[in-house]
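Coordinates in review
Next come the chains, spelled out residue by residue.
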Amino acid sequence: MDERASFGLWLKQRRKALRFTQEDLAERISCSGAMVRKIEAGERVASQQMADLLAESFGVIACERTAFVQFARGLLSSDAAKRELWQTLHTVQAHPTNLTAPLTALIGREQELERLHDLLLLGNDRLFTLTGPPGIGKTRLSLEVGVELLDHFEDGVFFVGLASVVDPDLVASAIAEALSIPDTGSDSPLSNLRLSLSNKDMLLLLDNFEQVLDASPVVIELLGACPNLKVLATSREALHVHGEQQFPVPALATVDSANLPPIETLGSVPALALFTERARAVKPDFVLTEENAGAVAAICARLDGLPLAIELAAARIRLFSPQEIQPRLDSRLSMLTGGPRNLPARQRTLRAAIDWSYHLLNEEEQTLFARMGVFVGGCTLSAAEVICNGGDLAGGDVPTGSRRDLLLDVGEGVTSLLDKSLLKRVEGVDGESRFTMLEMLREYAVGCVEESGETGVIGRLHAEYFLVLAEDAEPELRGPNQVDWLKRIEQEHDNMRAALRWAETNNETALGLRLALALWWFCVIDGHINEARRWLEGPLAQEGTEPSLRAKALHVAGQAAWVGGDFVQADLYLEQSLALYRDITDPLGAGRTLRIIANLARDRGDYLKSRSYYEQSLAIMNEVGNAEGIALVLISMGENARCENDYGAARSLYERSLGISRDVGSKHIVAVCLFNLGLVEHHKGQAALAEELFKESLQLHSELREKFCVAECLFGLGGVARSEMQLDRAVRLLAAADVLFRLTGLQLNRIDRQVNEYELAQVRKLVDQPTFERLWAEGQALTMEQAIQYALQEI
């Protein structure tokens, strides 16, 4: 049992409070002094008779007698003792307080409680501030701390609610009123407090201090005059005074609904435990099951692990199942209403809680907060400065009530919103600061922008900013700095999607196409082919796009359709692209499109046609002097030769491409060449050389984080392992590759698909079914990083 709620500790403290010696108490309960010492030390528990006599000696009230006897006999858990023995554990005679018994258990805050206990009891600091956004549970946590530490402060723990106090000059009076210190009229409330508390060993809980921050000197003066006084404040914003220790209250831990742990352990996940407990309050038979666990986990994640939001969602269990609640959370703020009536109004709905914080901001802070809602997944300070500064919003009609002419110091404003827990700083790529909002705060901010009439102009600035970033990244994603730029674009992927949605909604066809094209190679690497195709096909259905932009978009859309296995649509797009490139006399564009058309013909088995197109493409690339294009065409020609079983020609073409790509410095093309040379050597039965080539290719592709190419290398190494009769290794590698292939959404070409099907069939012949299924499951459970590490191991 938790020492803070153990019966022995309580008995010792209560005995001393009543000025009983151990012998005095022993006489009252008909036992020896030695027995009392053992009970207080936790070495023995009281008998039924002793427990009854203790209840009588300490005046335990009738309604708590049964629970008290269980407590004394070691039959009541610490949590149950704290809930069921409020008056017994915390009598006014022992330790004065105005706290009342908690109506519900605090869930998921064990680490925070332990840390706060240590800070308040073991350290020398005396002012602590719990900070965090609306609904994070600052007040509830402070109350629990007060309840658990009541026995550690001789003169008690007192709660001072400041929610209704708007004048900082009235804070001292509010504290005096909570402590029942009379107003004598002769001295100021602060003077009275200093005199009354000068020798008190006391903990003050000052709740909702954010609206009276100018009263911080009152707290400092009290602490200076009262050496045994400690203060635990709750505030959306820190007090920013000397000696203050900030304690940011985190959200409750959630779990990925797509990767749930076993149902037996889900109840220990704090957010899910809170949802379950509060759901049972309105529907006593509610339990987490295999059927509803995924929905509950998704609800808690969508609500950012915010306790107030989770409690409000759980209250809906009376009307809806978790599976029904989940889709209704698209509009969180309207869904999450109807909290308990005994809570303050601002805590009964999430919107009210956020309203409370928003209306404490000044006009500049409100404007910046609203504009920051345009960012999805956070932003850098430089992005916020470009998009949110009113000085950049000039031009166009200014809607009635708009604040577009309001100039903002964004850096100062971001700092202020951080202080007020409305933004959170996280570390981004290369340690650069990023600023994020809880999704519910962002939803509220978006509503504020809509009300101000700034949605269109802020949306355009956001889309244009991320278009510039994406177009800067496009060439870099194929160059030596690919990994660094890939990380940057991954970090901004949600913002890129938001910009694409804005372009689509506002019929900004050219902007949408440019952004989708700039992101194409990122989508190939990161496995978003279907998404890329969707963003391209929408604008392509519109007329009036500038010819060169449309030609490139048709080329990329055709490539996306080809790698996705939709050959009919690929044909249509690519032929239109080629015609446009020829019309506008763009030989490089035509040469690139001819290569993809050739790939399409090859995958259909028309090798004669594909060879003709490859030769046309190669001639153009030589004419314009595009080395990278030459290297890519040579690889494709090698694929064509391999499909025709001319492995000698294929090897020669791959080696020519490898030499050019090394000169160009393209790690991607080098890695592709090495992989294809590995296929040739594996076909010839040169297992050791094939393995070496596959591993070298795998190392490069893993550095570039290219999932599909990593999958190809894993499958190649699985084939080598099969040929060497390393069957366990072969099955695991083939299984890991299968997972990655499916994740990318890319299709293997016809010949490679046949090779892979052959390798899998051979392994199945060599391994019995139960063993195969076990090894396959082990391989599929590997992450990409684990699979790469396993594949590169020396056997």
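Residues numbered from 1 in each chain as written. Predicted model: local features only at pLDDT ≥ 70, side-chain atom pairs only at ≥ 80, totals over all residues. Heavy atoms only, no water.

1. So, the environment of E724
Structurally, E724 can be placed in the loop between α38 (707-723) and α39 (727-744). Here E724 falls in the partly exposed class, since its relative accessible area comes to 45%. Taking the C-alpha atoms as reference points, E724 and V457, 267 residues apart in sequence, are found 63 Å from one another. (Helix = DSSP H or I, 4+ residues; strand = E, 2+ residues; numbered from the N terminus. Buried < 20%, exposed > 50% of the residue type's maximum accessible area, 1.4 Å probe, protein only.)

2. Some remarks on the packing of aromatic side chains
For the structure on display, the rule yields twelve aromatic pairs. Ring centres 5.3 Å apart and planes at 85 degrees place the aromatic pair F7 and F71 in the edge-to-face group. Of this pair, F7 sits in helix α1 (residues 7-17) while F71 sits in helix α5 (residues 65-72), and the two are 64 residues apart along the sequence. Like F7, the residue F71 is buried in the burial classification. (Phe/Tyr/Trp six-rings, centres within 6.5 Å; stacked < 30°, edge-to-face > 60°.)

3. Thoughts on the nonpolar core
Ranked by internal contacts, the top residues of the largest apolar core, which has 195 residues, are L272, F275, F369, M372, F375 and L714. Excluding anything up to four places from it in sequence, F375 contacts A383, A384, I387, C388, R442, H462, F466 and N495. Membership of the second largest hydrophobic core comes to 31 residues, among which are A178, I181, L190 and L206. (Core = buried A, V, L, I, M, F, W, Y, C linked by side-chain atoms within 4.5 Å. Contact = heavy atoms within 4.5 Å.)

4. A look at helix α3 (residues 33-40)
Considered for burial, the residues of α3 that qualify are G33, M35, V36, I39 and E40. Down the axis of α3, the buried side of the element spans an arc of 160 degrees, and every buried residue falls inside it. G42 occupies a position one or two residues after α3 and carries a positive phi of about 80 degrees. (Arc of directions from axis to C-beta.)

5. Regarding the pattern of salt bridges
Applying the stated criterion across every chain, the model contains 36 salt bridges. Here R611 and E644 are joined by a salt bridge, their closest N and O atoms 2.8 Å apart. Of this pair, R611 sits in helix α33 (residues 607-624) while E644 is found in the loop between α34 (627-643) and α35 (647-664), placing the two residues 33 residues apart along the sequence. You can call E644 partly exposed: its relative accessible area is 35%. The partner of R732 in a salt bridge is E778, and the shortest N-O contact between them spans 2.8 Å. Of this pair, R732 sits in helix α39 while E778 sits in helix α41 (residues 769-780), and the two are 46 residues apart along the sequence. Each of R651, E655, E681 and K684 takes part in one network of salt bridges that share partners. (Salt bridge = Lys/Arg side-chain N within 4 Å of Asp/Glu carboxyl O.)

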